[in-house]
Amino acid sequence: MRGRLVVFPIKGRKWCFSRSVDPFAAQAPSGVTPTTVRGLWKKITSESKPINANAELLVDFISDKMNKAWMGLEIAPEGSMKNKIHGLGLKLLARVKPSEIFLKSISKEVTSVQVSYPPSLDPRLVRRRLRHIAMSGTILHKKYLIGSVTLLPLTTAFTVLPLPNIPFFWVLFRTYSHWRALQGSEKLLKLLSNHSNPQTDDADESNNNKPEQNAQSPTCVLLPSEELYKLLGEASEEGLDEETIVEICRLFHLNKNDVLKYRNLV
C-alpha cells in the first residue's frame, strides 16, 4: 500500500508533516484481530508465528478494545461520569505532539510513500527533514515506551479506589502510542532509504552506469505540487491562516486538527 505524505512550511521555520487520510481504510474490516481473550489465546497458540508477530497481534487486540471503549465514552449522556472522562481524555489528547501522530500514521501496511511538497523547497532538504523526524522518533519513542511500560505496574495500585482507573488506561494508551510511533519511525527510515526524485530522473536515466539501481522500484517518491505552492503563496509572516489550512486539508485529505497543531507549537 502506498501512503501519501504532505510536507510544507506552516509558520516560519516550522514545517508540517502529515499523511493523507485514506477514506476507505476506516471502512475496511479488520477480520484478523480476535475480539475475545479466548480467541486471541487460540490464535497465538494454534499458529506458529515469531514473537514479534504475536506481539503485533496483542497490540492490535488491545488497540481494538481501547477504540471500542473510547467510542462508548463519546456517546455517553451529557454530565455523566463517562462524559466527563471523555472530556478529560480530549484535553490529554490535545497535548500529544503532531509529530507523534504523523509517525503513528506510517503503519506496517505501507510499502511505499509519495511525498508532495511545494516546488519552492529543495527536494533534498525535504527528504533530510523527513529522515530527521524519523530518526528522532526512533530515539524518543523508544525511551518513552520504556518509561510507559515501567509506569504500568505502578498505576494498577489505583484499582483499589472506587473510581475508574484513569491513570492506568492513560499510561496504557501512551504505551501503545509510543509503540506505534516507534514502529512508524523505523518504517519511514526504511522507506526513505530508497527514494526517487522526478526532477532528477531524466538525468539519472541518461547515465546507465548503474542499471541495477534503476531496476529497483523506489519506495519513496518526491513529487512537487504546484497546487500546494499556490496555496502557500497566500501565507503571511505569522504563518498560514486557518482558511488556507482548511483548503490544503480538503485538497490533500489531511486532518485539520493535526495540521493546526503544527502551527500552534511553541
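Quick note: structure is the one above.
Thresholds, definitions, all that
Residues numbered from 1 in each chain as written. Predicted model: local features only at pLDDT ≥ 70, side-chain atom pairs only at ≥ 80, totals over all residues. Heavy atoms only, no water. Helix = DSSP H or I, 4+ residues; strand = E, 2+ residues; numbered from the N terminus. Buried < 20%, exposed > 50% of the residue type's maximum accessible area, 1.4 Å probe, protein only. Contact = heavy atoms within 4.5 Å. Areas by Shrake-Rupley, 256 points an atom, 1.4 Å probe, with all protein chains shown as cover. Polar contact = N/O pair within 3.5 Å; in protein donor to acceptor, adjacent residues only side chain to side chain. Core = buried A, V, L, I, M, F, W, Y, C linked by side-chain atoms within 4.5 Å. Salt bridge = Lys/Arg side-chain N within 4 Å of Asp/Glu carboxyl O.

Novice: Could you give me a rundown of the overall build of the protein chain, with the residues and numbers involved?
Specialist: What the protein chain contains, in helices and strands, is 11 helices and 5 strands. By residue count, 37% of the 266 residues in the protein chain fall in the buried class. In the protein chain, the share of contacts with a sequence separation of at least 24, taken over all contacts with a separation of at least 6, comes to 73%. When the accessible surface of the protein chain is totalled, it reaches about 16600 Å², and 59% of it is carbon and sulfur.

Novice: Before we move on, can you summarise the side chain of Arg19 with the specific residues and values?
Specialist: Looking at the secondary structure, you find Arg19 in strand 2 (residues 14-19). Reaching out from Arg19, the side chain makes a polar contact with the backbone oxygen of Ser105 at a distance of 2.5 Å.

Novice: Describe the nonpolar core, with residues and values.
Specialist: Counting residues in hydrophobic clusters, the biggest one holds 39 residues, and the most contacted among them are Phe8, Phe102, Val126 and Ile248. Apart from residues lying up to four places away in sequence, Val126 is in contact with Val7, Trp15, Val115, Tyr117, Leu121 and Leu222. Within the second largest apolar cluster, 6 residues are counted, among which are Leu152, Val171, Phe173 and Tyr176.

Novice: Can you explain the side chain of Ser225? Please cite residues and give values.
Specialist: With respect to the helices and strands, Ser225 occurs in the loop between strand 5 (220-224) and helix 9 (226-232). Residue Ser225 is classed as buried on the basis of its relative accessible area, which comes to 9%. Of note is the side chain of Ser225, whose polar atom sits 3.2 Å from the backbone nitrogen of Leu228. Other than its neighbours up to four places away in sequence, Ser225 contacts Tyr117, Pro118, Pro119 and Phe252.

Novice: Go over the pattern of salt bridges with me, naming the residues and quoting the values.
Specialist: Counted under the stated rule, the structure contains 4 salt bridges. Two residues, Arg124 and Asp122, come together in a salt bridge whose shortest N-O distance is 3.5 Å. Here Arg124 falls in the exposed class, since its relative accessible area comes to 61%. Overall, Asp122 belongs to the partly exposed group, its relative accessible area being 34%. One salt bridge in this structure joins Glu242 and Lys256, with 3.8 Å as the shortest N-O distance. Of this pair, Glu242 sits in helix 10 (residues 242-252) while Lys256 sits in helix 11 (residues 256-263), and the two are 14 residues apart along the sequence.

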